[in-house]
Amino acid sequence: QVQLVESGGGLVQAGDSLRLSCAASGRTVFTLGWFRQAPGKEREFVAGIRPSGGETDYADSVKGRFTISKHIAKNTVYLQMNNLKPEDTAVYYCAGGLPLMGSLRGPYNYWGQGTQVTVSS
């Protein structure tokens, strides 16, 4: 059974940093990604990374501020979020997909339970 468990969310001020983690189990090779959903909005793609870690993709809204990375041996993906803005406030979800996904933006097959990130102004 595939499980994705996120951690690292919290309440921060604008300009602060946070690092989210997602530990994947049940399958050793994933394409992994991060999505977020703000209140009243649809879930949106944030970042994705290939199983090898050799290719990444970012939403324009986070490019230059967020960095996705992967610890292959631990099958864990991270999202380093710098210079956070109030509009980054959302529930952040880890997503797992098949190794040979065409696009890092989806579709993904597995989802974590989400972790809340709140950025105050």
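Use the structure listed above.
In this text the structure is predicted, and so the values were computed from the model without any measurement.

Calculation notes
- Residues numbered from 1 in each chain as written.
- Predicted model: local features only at pLDDT ≥ 70, side-chain atom pairs only at ≥ 80, totals over all residues.
- Heavy atoms only, no water.
- Disulfide = S-S within 2.5 Å.
- Helix = DSSP H or I, 4+ residues; strand = E, 2+ residues; numbered from the N terminus.
- Buried < 20%, exposed > 50% of the residue type's maximum accessible area, 1.4 Å probe, protein only.
- Core = buried A, V, L, I, M, F, W, Y, C linked by side-chain atoms within 4.5 Å.
- Pairing = 2+ DSSP bridges.
- Axes fitted to C-alpha atoms, helices over the stretch in contact; angles between N-to-C directions.
- Phe/Tyr/Trp six-rings, centres within 6.5 Å; stacked < 30°, edge-to-face > 60°.
- Lys NZ or Arg CZ within 6 Å of the ring centre and 35° of its normal.
- Salt bridge = Lys/Arg side-chain N within 4 Å of Asp/Glu carboxyl O.

**Student:** What am I meant to see in the state of the cysteines here?
**Tutor:** Two cysteines joined by a covalent bond between their sulfur atoms form a disulfide. For the coordinates displayed, the defined rule picks out 1 disulfide. With a sulfur-sulfur separation of 2.1 Å, cysteine 22 is cross-linked through a disulfide to cysteine 94. The chirality of the disulfide connecting cysteine 22 with cysteine 94 is left-handed, given an S-S dihedral of about -80°. One end of the pair, cysteine 22, is in strand 3 (residues 18-25); the other, cysteine 94, is in strand 9 (residues 90-97), with 72 residues separating them in the sequence. As far as the burial class goes, cysteine 22 and cysteine 94 line up, both buried.

**Student:** Mind showing me how you'd approach the nonpolar core here?
**Tutor:** General note: in soluble globular proteins, nonpolar side chains tend to be found buried as a group. The biggest cluster of nonpolar side chains holds 32 residues, and the ones touching the most others in it are Trp34, Leu79, Met81 and Tyr92. At the level of secondary structure, the elements contributing two or more residues to this core comprise strand 3, strand 4 (31-37), strand 5 (44-49), strand 7 (66-71), strand 8 (76-81), strand 9 and strand 11 (115-120).

**Student:** Would you mind going over the sheet that holds strand 7 with me for this structure?
**Tutor:** By way of backbone hydrogen bonds, the strands of a sheet pair with one another, either parallel or antiparallel. Taken in spatial order, the 4 strands line up as 1-3-8-7 in an open sheet, and their pairing is antiparallel. At either margin of the open sheet sits one strand with a lone partner, and together these are strand 1 (3-7) and strand 7. Ignoring strand direction, the axes of neighbouring strands in this sheet form an average angle of 15°. Here strand 3 runs beside strand 8; their pairing, made up of 6 bridges, is antiparallel.

**Student:** Got a minute to help me understand the packing of aromatic side chains in this structure?
**Tutor:** Note on aromatic pairs: each is described by the distance of the centres and the angle between the planes. What the rule picks out here adds up to 5 aromatic pairs. For the ring pair tyrosine 108 and tryptophan 111, a centre distance of 6.4 Å and an interplane angle of 65° mean the geometry is edge-to-face. The buried category is assigned to tyrosine 108, whose relative accessible area is 9%. According to the relative accessible area criterion, tryptophan 111 is partly exposed, its value standing at 36%. Linked through ring pairs, Phe35, Phe45, Tyr108 and Trp111 together constitute an aromatic cluster. Directly above the aromatic system of tyrosine 93 lies the positively charged group of arginine 43, at a separation of 3.9 Å from the ring centroid. The ring of tryptophan 111 has arginine 43 lying over it, and the distance from NZ or CZ to the ring centre is 4.6 Å.

**Student:** Where do I start with the pattern of salt bridges in this structure?
**Tutor:** Side chains that differ in sign of charge can pair as their charged atoms come close. Inspection of every chain in the model, using the stated rule, returns 6 salt bridges. Note that aspartate 57 and arginine 105 form a salt bridge whose closest N and O atoms lie 2.7 Å from each other. In this pair, aspartate 57 sits in strand 6 (residues 56-58) while arginine 105 sits in the loop between strand 9 and strand 10 (110-111), placing the two residues 48 residues apart along the sequence. Between arginine 65 and aspartate 88 there is a salt bridge, with its nearest N and O atoms 2.7 Å apart. With arginine 65 in the loop between strand 6 and strand 7 and aspartate 88 in the loop between strand 8 and strand 9, this residue pair connects regions lying 23 residues apart in the sequence. Accessibility classification places arginine 65 together with aspartate 88 in one group, the buried group. Members of the salt-bridge network, linked through shared partners, are Arg36, Glu44, Arg65 and Asp88.

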